[in-house]
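# Structural features, examined
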Amino acid sequence: MTCFCGTRALLVLLFLSSLSSTVRPKMVVTIGPSSTVVLSRDQGEPECDVCVCGGPAPDCSSSEKTLKSPGDLEVDFGCLKPQEVFTMKMTTKIACTTSSCTPAVANVDPTLFKDFKRTLMWDISVPERTVLSLDFGPSYGLKDISTTDNCQDGYKYTVSTSRFDGTIQTNSYCKDGKVSQLELLGATTVTLELPTGGDLDRTVFNVNTTPRRGRQESVTSDPNTMIFISRVAQEPDCSVCVNEGSGQNCNPQSLSLTDPSNTIVEFTCPLPQDVFSVEINRQIDCTKSSCVGDTVHAESTFFPDFNRTFTWDLKVNSPKTFQLDFPEPGMRQVQKEELCPDGHTYSLIAYPRTGFADIGTFCQGGPVNTVQVRYKGRMSLRVPGNAKLGPANFKLDVGPETRMLAIMKVSLPRGVSDTDFSTPYFPRKFPDLQQMQWDFTVPGMHNYTILFHNYTAPECLTGDVAVEYQKGESKVTTLTLTDPQPQHQQGDFSMVLKNCETNTTLQGLSLSYRVSVMRSGHPVLCTVDLTKQQGVSLQIEKVGSDPYCEISLNSEVKEKMNVLEGTTARLSFLDCTKDDLRLTARQVFDCPNAASCPPFSLTIPSLDSCLPMPLSSFTWLLRIPSDQSLDLVSPSGSLQQALPGQECQKDFLLNVAEADGYSVGDFCLNGNIQKVQVHANITVTATTPDFSKVREPFLNVSIGPEISETFIYSIDPTMTILTLLATPNWPQGMRPFSTASWIVSLPSQYSADIQFANLSQPICAEKHTQIKVKNLDQKAELMSRREDEKIENLMAQQSFQLDMSNCKPKTGDFGAMTKIVLQKKSNLLAILLGLAGVLLLLILLLAAVCVIARKKKQRRKESSIYTTNNIFRPSDRHFTKPSPDNNSYDYIDDSMVYGHMLTDTSYPDRSLDFPKGKQADTYQTFTGPTDVPLPIINEPEPEPEMDMYTPFLDTSESFIPSRPRTPINRQESLGFQDSRMTDNQFCTFKSTGDINTIQLSGEDLKPQPPKSKDYL
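Reading the values: the criteria
Residues numbered from 1 in each chain as written. Predicted model: local features only at pLDDT ≥ 70, side-chain atom pairs only at ≥ 80, totals over all residues. Heavy atoms only, no water. Helix = DSSP H or I, 4+ residues; strand = E, 2+ residues; numbered from the N terminus. Buried < 20%, exposed > 50% of the residue type's maximum accessible area, 1.4 Å probe, protein only. Contact = heavy atoms within 4.5 Å. Areas by Shrake-Rupley, 256 points an atom, 1.4 Å probe, with all protein chains shown as cover. Disulfide = S-S within 2.5 Å. Polar contact = N/O pair within 3.5 Å; in protein donor to acceptor, adjacent residues only side chain to side chain. Core = buried A, V, L, I, M, F, W, Y, C linked by side-chain atoms within 4.5 Å. Pairing = 2+ DSSP bridges. Axes fitted to C-alpha atoms, helices over the stretch in contact; angles between N-to-C directions. Salt bridge = Lys/Arg side-chain N within 4 Å of Asp/Glu carboxyl O. Patch = residues over 30% accessible without salt bridge, like charges linked within 9 Å, V, L, I, M, F, W, Y side chains within 5 Å. 1 Å grid on protein atoms, 1.4 Å probe; cavity = no way out; pocket = protein on both sides within 12 Å on 5 of 7 lines; lining within 4 Å. Points joined across faces, edges and corners; volume = space filled by probe spheres on them. Nonpolar A, V, L, I, M, F, W, Y, C, P; charged D, E, K, R; others polar. pLDDT = per-residue confidence, 0-100.

What follows covers the overall build of the protein chain. Counting secondary structure elements, the protein chain contains two helices and 75 strands. Counting across all 1016 residues of the protein chain, residues that qualify as buried make up 42%. In the protein chain, of all internal contacts separated by at least 6 residues, the share reaching a separation of at least 24 is 78%. Accessible area of the protein chain: about 55,200 Å², with a carbon and sulfur share of 51%.

Below, the structure written as structure tokens:
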């Protein structure tokens, strides 16, 4: 061998000469510092050694040789074709940090052992939380294959990654695929198997690392909430971490948060929702706090893109129940493995004293609206990741005491339906000695049938399995599992399933059954004959919310039925109430000329009594020739248009519109419109709560000659009814080029204040809008305004006509509301004559008063004086003022002298105890003239006393009980009258107290002329 030296050279030469022409292959290879080459001989191949020269002696091996040197190595094989005996495996190590790798490129010598079967391997080490990227380039893509498959061209890539749990994940690829880049987590080994003599690029792939991007979730919840995070997928490598103290606690499998208020949860992978699921648990203990009417809802902000399970642990005092009320549309029970369409799957578990029982799995949208569970249980809601959390609210309440494990309340739907139910824990056995109750509400006019389609009967050690049915307070019906169950029954009912004590070594009790509901009502049939009703047609449509109301026309189910005029129809109504249907009718009046249409009235023709709903509205279509007009008059005498401030009662309304639907207005009875004239085909629609109570026609209609305006209203305003005039189609605008007139007849002695309360003007494209006012008996216009002119209120002194016409608007609408206010006319001549008459009457009254006063003065009675000295002075007109020491009285009127009547027992004061004999300062009754002639005393006229008044002594207060004071002074003259005095024989007083005088005239106040001495 040529690689030998020294003393062995001769031996080599001798050996070579003995082999004659045999040549041993040799080669020089270069191996990188981070690579190792292993040459291995296949066990089934002939003996052949491989030697590495370069040392004091060759390093040879006949099975495996490892080549590792930073420089060139000379390799010699002991056989002529070593590529058929040996395989080459080169391993290169790549060390990476979180940001780079050394080396960064997986380079190889394409000619290294090219003729051998080669395997190239790269061991790549990466730190934790680092993403390793292998870039194979866009022109050298890979395609994924099974690890047991081989690539057709012999180029096979194998990528093995160490997982977080110590296992190895391996994926295999072939060339010419679409995968150009791989992102890996953890230490990775890339292996490339090449065929013998296969070509290879110098750069196999590029290596890159980046810090592993994680994800954080902020959790804020109340103290009664716990969160459990659990791994559900083996890939990728990911951990969940939470800060604890100064460090961080990470776990690749699960994490529990018992107090998650203000907690940050960190995941070490960018997509943790693919790895973990979250359970959010809330404890609700109704034994320690009130749960009446609490609304329970799922917290939608927690981990929204994770697969989530919301659980509520509920507890009440035994034997009470906690009650869950589900909002519309309720729940339906499904099998445990069944998935709900919206991804929201509910489940309910009960915890009796003996263990637990799965009450059932539910989806939204079903007849179950309430579930009551005794003592303790758990309600769960499973929501898939990225699914929008629906309205998962339900109401929690404390239910009644019960012996049942659970009570399910079901409201069966209307129509045909099949609803399935199963016992708790189905298909496994129902707990021993437990009872389950279902309360069914069956809609009216429906039959139900119960079918047990899957059940297992246990072997009972004590007791029996029983199924009990009860309707209301009726007797309980007890059946077995094998008995025929109720069929074609009606009404609400309860079903109770009772289990016995079973032999646990055998199968237990399980039951799955179906409740079928179908309508039992009989349809209401009605045959409508319109052959005898000229121009009448009917329309019946469904307006209620009940989807099971079914109507049909001639055996064909319809949503709307039209019975044409002159036809006969068979109608059917199934499970429909009056509120579900609306009946409208229509009648057409065709008038080709006035002669063919005498005046007629709009009345409701008789309809078939079999119709199960009332008439909602009736419409008349009135058609006339173009040279005629319609006169509409109310049978009650007048109409009123429904307007703001002039509303109509809703119990009666007439809508008038043109035949094409253009509205004229709504009208009712008893207003100020005497007649409406229309130059068009119109419809009149009457609405009233009860057409059967209408006895009179709605309108009287007659055909009149053609009118120049489109509408003419005849108005008779009154003081008692507000008069508002509105253009047709108010508050929308008038039809282009249409006209309307109001003929307003004012009452006598009244004028009208015309107020344009609400006016809208358009911008005209053709012609102009016009508002004109003129007196009925004059051609001159009181006012005329266009749309571009200002309009003001106007006073009309007599009946007038208001005309309005529209243009062709470019923008805007033409509409107006006019208010008519009546005012009484004023007459100045009549006022002056009235004042003169009143003045003359006052003068005559004053003259009469003066004459009467003068006559009364002449008839005034004269006064006399009588003293205790038997001195009598009759008819003395003048008295001197008495002095304090005399015993005289002032002005004793003769007509007041009635002392002789005091002896009469009928006098009311007769019982008074008057003193006997003469008393000083007392009044002595005048008894008439005596037989002895009385001396006549002539007294001189006293001098008048100035500024001095001496009152007469009040004798009534001296000897007898109180009576009205009667002082004698100037007020006692005929010019005064005391209001206390009663007009009777005694002229007594009504009351005591001070004098209250009324002056009759001023005559007595005048000074009297002096009397002559011989006057007496």
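What follows is about the state of the cysteines. Following the criterion strictly, the structure yields 13 disulfides and no others. Between Cys-591 and Cys-597 runs a disulfide, and the two sulfur atoms are separated by 2.1 Å. Negative torsions about the S-S bond denote left-handed disulfides, and the value of about -100° found for Cys-591 with Cys-597 makes this one left-handed. Judged by relative accessible area, Cys-591 falls into the buried class, the value being 6%. Taking the relative accessible area as the measure of exposure, Cys-597 reaches 11% and is therefore buried.

Once that is clear, we can look at the side chain of Asp-358. Assignment of secondary structure puts Asp-358 in strand β30 (residues 357-364). Relative accessible area serves as the criterion here: at 8%, Asp-358 is assigned to the buried category. For Asp-358, the side chain forms a polar contact with the main-chain nitrogen of Gly-360, separated by 3.3 Å.

Below, the discussion takes up the nonpolar core. Formed by 76 residues in total, the largest nonpolar core has its most connected members in Leu-571, Leu-622 and Phe-800. With four residues, the top contributor of residues to this core is strand β52 (residues 615-623). Those residues in contact with Phe-800, other than ones at most four positions away along the chain, are Trp-742, Ile-743, Val-744, Leu-746, Ala-752, Ile-754, Val-773, Lys-774, Asn-775, Leu-776 and Ile-820. By size, the runner-up hydrophobic cluster in this structure holds 75 residues, among which are Ala-387, Leu-389, Leu-405 and Cys-500.

Backbone torsion omega between Ser-318 and Pro-319 reads 5°, so that peptide bond is classified as cis. Residue placement: Pro-319 occurs in the loop between β26 (307-315) and β27 (321-325). Each neighbour pair has its own omega, and for Glu-328 with Pro-329 the value is 10°, a cis peptide bond. With respect to the helices and strands, Pro-329 occurs in the loop between β27 and β28 (331-334). Of note in this structure, Asp-176 is not a glycine but carries a positive phi near 60°. Taking relative accessible area as the criterion, Asp-176 reaches 66% and is therefore assigned exposed. Located in the positive-phi region is Leu-433, a residue other than glycine, with phi close to 55°. With respect to the secondary-structure elements, Leu-433 resides in the loop between β35 (417-422) and β36 (435-441).

Let us now look at the environment of Met-613. As for its position among the elements, Met-613 is in the loop between β51 (600-602) and β52. Separated by 73 residues in the primary sequence, Met-613 and Ile-540 have C-alpha atoms spaced 9.3 Å apart. Apart from residues lying up to four places away in sequence, Met-613 is in contact with Ile-540, Phe-573, Leu-581 and Leu-583.

Spatial ordering of the open sheet is given by β44-β49-β46-β47, a layout of four strands whose pairing is antiparallel. Each edge of the open sheet carries a strand with a single partner, namely β44 (524-529) and β47 (556-558). In this sheet, neighbouring strand axes are inclined to one another by 30° on average, regardless of whether the strands run parallel or antiparallel. Of the strand pairs in this sheet, β44 and strand β49 (residues 568-574) are connected by six bridges, and their pairing is antiparallel. Across the sheet, the residue bridging to Cys-526 is Leu-571, located in β49.

Here four strands make up an open sheet; going across it, the order is β1-β6-β3-β4 and the pairing antiparallel. Edge strands, defined here as strands with exactly one partner in the open sheet, are β1 (26-30) and β4 (59-61). Each adjacent strand pair in this sheet contributes to an overall mean axis angle of 25°, direction not counted. When strand β3 (residues 50-53) meets strand β6 (residues 72-77), the two strands line up antiparallel, connected through four bridges. If you follow Cys-51 over to β6, its bridge partner there is Asp-76.

Turning our attention to the pattern of salt bridges. On inspection of all chains with the given rule, the structure shows 25 salt bridges. A salt bridge links Arg-215 to Glu-217, with the nearest nitrogen and oxygen atoms 2.5 Å apart. The class of Arg-215 is buried, set by a relative accessible area of 17%. Look at Glu-217 and you get buried, because its relative accessible area is 12%. When the shortest N-O distance is used, the salt bridge between Glu-658 and Arg-735 registers 3.4 Å. With Glu-658 in strand β55 (residues 653-658) and Arg-735 in the loop between β61 (723-726) and β62 (739-744), this pair connects stretches of sequence that are 77 residues apart. The exposure class of Glu-658 is buried, given its relative accessible area of 11%.

There is a patch of nonpolar side chains on the surface, built from Val-838, Leu-839, Leu-841, Leu-842, Ile-843 and Leu-845 and spanning about 590 Å² of accessible area. Here Leu-845 lies in helix α2 (residues 828-858).

A word on empty space enclosed by the protein. Rolled over the atoms, a probe with the dimensions of a water molecule shows which regions are left empty. Taken as a whole, this structure holds two cavities of 30 Å³ or more when the rule is applied. What the largest cavity holds in volume is close to 50 Å³. Lining the largest cavity are Leu-632, Leu-639, Leu-654, Val-656, Phe-667, Val-676 and Leu-699. Across the lining of the largest cavity, the residue classes tally to seven nonpolar, no polar and no charged. Approximately 40 Å³ is the volume attributed to the second largest cavity.

Quick look at the confidence of the model for the protein chain now. Of the residues in the protein chain, 81% have a pLDDT of 70 or more, and the chain-wide mean is 81. Every residue in residues 1001-1006 is under pLDDT 50, and counting partners more than four places away or in other chains gives 12 contacts.

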